[in-house]
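# Tertiary structure, described
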Amino acid sequence: MAKLISIDELKEGMELELPVKNKFGQILLSANLKLEEKHKLIFKMWGIDNFYIKDTGASDEKNQYSEEQIIQAKNSLEKRMGWTPKNMIERDLYEMGLQGILEKYY
Amino acid sequence: MNVTEKIMSGVNNLPTLPTVYSSLTEAIENPKTSSDKLANIISNDQVSVFKILKLVNSPFYGFRGKIDTISQAILHLGFNEVKNTVFALSVINFFSKDKILLNFRPVDFWAHSIAVGIVTRIVGAEIGEKNLENYFLAGIIHDIGKLIFLEYAHDEYVKVLELVESKRCFIKDAESEIMGIDHSHAGQLLANKWKLPQSIQNSILHHHKGIVGNETDLLVASVHVGDIVSRMLELGYPGDNLVPEPNHKVWDILKISKGFFPQVRKRLINDFSQTIRLMLVD
């Protein structure tokens, strides 16, 4: 039950569904961590734009996929992109592409 | 003769536009031509009539079975949109679908092009563009230069496709490296020879950058986004499987609302699967 959000959408009390990693794959924050307001600043310092939180919304289309499937789909998309979303419309594009891969291959 | 000269010579020797399109263009320039006369010109080509009626009654245009004749299609869509659809169908038939090179199949190429046409038109509608008639066509023919290469520089294009595989690079970069020009330039040469409107020529030439100099061009920006969305969703195959980074200036030009892309994804995929069936099946 993962939902991709941007740092602008971070709210106190949200829980990380997947670990936050840097571009070298090193874990910066572990899964299940409860986020606080200070994490916005930390993410900005680390250059992290998006991360996965736990989402309890039953309508989320990604709910039907496992954490592993989401990670695989994410890796596959990012390998083809070679760039990271820099604004909310590009995050929408990314989200759309991710959902497309999950539906097509998993 | 180098590759660029070969391409120039090939384009110069290409036949002129399909007859039905030329007749329609001439007819529309005459203010006395009635819509019945225009419908008659299109009706001479029964294959086009059948496909156009199927297309306008598909969910993409949204008329859902209400349009029975070309005259009605002209009434609802406008003459230029119908003329452009005739043209798009003619261009798809103009080039051979059998020239398969390595993993590059013209059918997959057209599927990508049609996807770009669909996304471009949906983006045009989202941004409130009233004059949508060129959007679908501009998307469909934005990569037409690749077929010129396939037709007139076959051996070099094999090298291009091999380079794409070995370097995992964009096909436009491999084209530039091997042939000296990329498909946007080759396509514009053809569009110019066919005397297509400047807006369409611009969308072919500038679709990688998404902008034309410092000017705001909604059509060029929409085709740029259409290409990225179609690649992201893997609709068809444009010759490489990479997703280019959008030019950030297009977001200022288009002002697309947040949530738009995830919301339209299912509709895009549905429109795509129905439209390729209609346009690519002989």
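Shown above is the structure to which this text applies.
Let me sum up the structure you'll find in this document. On a predicted model such as this, the values are computed, not experimentally measured, just so you know.

Moving on, we come to the overall build of chain A. Check the secondary structure of chain A and you find three helices and four strands. Starting at the N terminus and ending at the C terminus, chain A contains elements arranged as β-β-β-α-β-α-α. Taking contacts inside chain A between residues at least 6 apart in sequence as the whole, the part at least 24 apart equals 60%. For chain A, the computed accessible surface area is about 5,900 Å², with 51% contributed by carbon and sulfur atoms.

A word on the overall build of chain B. Scanning chain B from terminus to terminus reveals 16 helices and zero strands. For chain B, the C-alpha radius of gyration of 18 Å lies close to 19 Å, the compact-globule estimate for 282 residues. For chain B, the C-alpha atoms occupy an extent of roughly 55 × 45 × 35 Å along the three principal directions. Residues counted as buried form 57% of the 282 residues belonging to chain B. Counting only carbon and sulfur atoms, one obtains 50% of the accessible surface of chain B, whose full area is about 11,900 Å². A distance of 5 Å separates the average location of the 29 positive side-chain charges in chain B from that of its 31 negative side-chain charges.

Taken together, the contacts link 22 residues of chain A with 24 residues of chain B. Across the chain A/chain B interface, buried area totals approximately 2,100 Å², and carbon plus sulfur atoms make up 59% of it. By the criterion of area lost to chain B, the three top residues of chain A are A:Arg80, A:Ile89 and A:Met96, representing 34% of everything that side buries. Along the contact surface separating chain A from chain B lie five salt bridges. Two residues, A:Asp92 and B:Lys258, come together in a salt bridge whose shortest N-O distance is 4.0 Å. Along the contact surface separating chain A from chain B lie 14 residue pairs in polar contact (both at pLDDT 80 or more).

Now for a nonpolar patch on the surface. All names here are of chain A. On the surface, a nonpolar cluster with roughly 370 Å² of combined accessible area is contributed by Leu-41, Met-45 and Trp-46. Mapping Leu-41 onto the fold places it in helix 1 (residues 38-46). Judged by its relative accessible area of 57%, Leu-41 falls in the exposed class.

Of all hydrophobic cores here, the largest spans 117 residues; its most connected members are B:Trp110, B:Ile141 and B:Phe261. Element by element, the count of residues in this core is highest for helix 7 (residues 106-126) of chain B, at ten residues. If we ignore the near neighbours within four places in the chain, the residues touching B:Ile141 are B:Phe87, B:Val91, B:Leu196, B:Ile200 and B:Ile204. Core analysis: the next-biggest nonpolar cluster, separate from the first, contains twelve residues, A:Leu10, A:Met14, A:Leu16 and A:Leu35 among them.

In this section: the pattern of salt bridges. Within this structure, the stated rule accounts for 19 salt bridges over all chains. Across the pair A:Lys104 and B:Glu234 runs a salt bridge, and its minimum N-O distance is 3.8 Å. Residue A:Lys104 is found in helix 3 (residues 88-105), and its partner B:Glu234 is found in the loop between helix 14 (218-232) and helix 15 (249-254); the two belong to separate chains. With a relative accessible area of 23%, B:Glu234 lands in the partly exposed category. Among the charged side chains, a network of salt bridges with common partners joins A:Arg80, A:Lys104 and B:Glu234.

Quick notes on the rules
Residues numbered from 1 in each chain as written. Chains lettered and ligands numbered in written order. Predicted model: local features only at pLDDT ≥ 70, side-chain atom pairs only at ≥ 80, totals over all residues. Heavy atoms only, no water. Helix = DSSP H or I, 4+ residues; strand = E, 2+ residues; numbered from the N terminus. Contact = heavy atoms within 4.5 Å. Areas by Shrake-Rupley, 256 points an atom, 1.4 Å probe, with all protein chains shown as cover. Rg over C-alpha atoms; globule rule 2.2 N^0.38 Å. Buried < 20%, exposed > 50% of the residue type's maximum accessible area, 1.4 Å probe, protein only. Lys, Arg positive; Asp, Glu negative; His and termini not counted. Charge placed at Lys NZ, Arg CZ, Asp CG, Glu CD. Buried area = accessible area lost by both parts, 1.4 Å probe. Salt bridge = Lys/Arg side-chain N within 4 Å of Asp/Glu carboxyl O. Polar contact = N/O pair within 3.5 Å; in protein donor to acceptor, adjacent residues only side chain to side chain. Patch = residues over 30% accessible without salt bridge, like charges linked within 9 Å, V, L, I, M, F, W, Y side chains within 5 Å. Core = buried A, V, L, I, M, F, W, Y, C linked by side-chain atoms within 4.5 Å.

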